[in-house]
There are 2 protein chains.
Amino acid sequence: MTLNHTMSNPECRRHLLPIRDALDILSGKWKLQILVSLLLGNKRFREMQREVDGITARMLSKELKELEMNRLVKRTVHDTTPVTVEYSLTDYGRSLQPVLTALENWGLEHRRRILTEALPV
Amino acid sequence: MTLNHTMSNPECRRHLLPIRDALDILSGKWKLQILVSLLLGNKRFREMQREVDGITARMLSKELKELEMNRLVKRTVHDTTPVTVEYSLTDYGRSLQPVLTALENWGLEHRRRILTEALPV
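In what follows, the accompanying structure is described. (Residues numbered from 1 in each chain as written. Chains lettered and ligands numbered in written order. Predicted model: local features only at pLDDT ≥ 70, side-chain atom pairs only at ≥ 80, totals over all residues. Heavy atoms only, no water.)

## Comments concerning the packing of helix H6 (residues 97-118) of chain A against helix H1 (residues 9-26) of chain B
Relative placement of two packed helices is described by the angle separating their axes and the distance separating the axes.
Thinking step 1. In the contact formed by H6(A) and H1(B), the axes pass within 7 Å of each other and the chain directions differ by 85 degrees. With respect to H1(B), the axis of H6(A) lies roughly perpendicular. Along the contact surface, H6(A) presents A:Leu100, A:Leu103, A:Glu104, A:Trp106, A:Gly107, A:Leu108, A:His110 and A:Arg111, while H1(B) presents B:His15, B:Leu17, B:Pro18, B:Ile19, B:Asp21, B:Ala22, B:Leu23, B:Ile25 and B:Leu26. (Axes fitted to C-alpha atoms, helices over the stretch in contact; angles between N-to-C directions. Helix = DSSP H or I, 4+ residues; strand = E, 2+ residues; numbered from the N terminus. Parallel < 35°, antiparallel > 145°, perpendicular 65-115°, else oblique. Contact = heavy atoms within 4.5 Å.)

## Comments concerning the interface of chain B and chain A
Thinking step 1. With 60 residues of chain B in contact, the opposing surface of chain A contributes 60 residues.
Thinking step 2. Ionic pairing is found between A:Arg111 and B:Asp21, a salt bridge with its closest N-O pair at 2.5 Å.
Thinking step 3. Remark: the boundary between chain B and chain A carries 14 residue pairs in polar contact (both at pLDDT 80 or more).
Thinking step 4. Secondary structure elements with two or more residues in the side of chain B that touches chain A: H1, helix H2 (31-39), helix H3 (45-51), strand E2 (84-89) and helix H6 (97-118) of chain B.
Thinking step 5. With 14 residues, the top contributor of residues to the side of chain B that touches chain A is H1(B).
Thinking step 6. Residue composition of the side of chain B that touches chain A, by class: 27 nonpolar, 18 polar and 15 charged. (Salt bridge = Lys/Arg side-chain N within 4 Å of Asp/Glu carboxyl O. Polar contact = N/O pair within 3.5 Å; in protein donor to acceptor, adjacent residues only side chain to side chain. Nonpolar A, V, L, I, M, F, W, Y, C, P; charged D, E, K, R; others polar.)

Structure representation (structure tokens):
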């Protein structure tokens, strides 16, 4: 029996702590999807609602408020008639790009794998 | 007013779909933490429970079962007295390393930022 306990518990915690910090802000079904949608361009509320499939207006509003509070997303009111509201990523929100790219790449591989496995042998 | 709608809706969906696929498997508070814990070495149940701060045995068991079902985690029963059970990442689980590293790096920056902001000016 070979166990591969290379990391002591404190060292493991050192790696887990930043993951927890990140997940505190990002976890759940919607936030990362909203951030990807905004990474691809500034959006208005309705546009985001169309893009992030399945999200309700109420949930989108709640999630945007939390992302704003954590300074990842900026809400800009334009003085047009009628007034228009636009959402964009802050520089801080943009700093999540490597996370989003890694997740997207993994998701692509995952989908490819599932589709291959689903084929009849 | 300048809007930066560089991506058309179908193009946005193309990026969102793999993110959704990945989140279907990984979202929630615990799974990524469990995967990080296993990335750092094979573990027994109790060890993981100690490392992933705040998780209950019931939740850890549920999450491990789901990760096993999705073939990210492998459960090995060793024929010792008493029997020991060890959890490890599959190669597929290991392929999440870039995601976990990106998340950890961002979490580290995030913590640094929060701590700096919390300092009195």
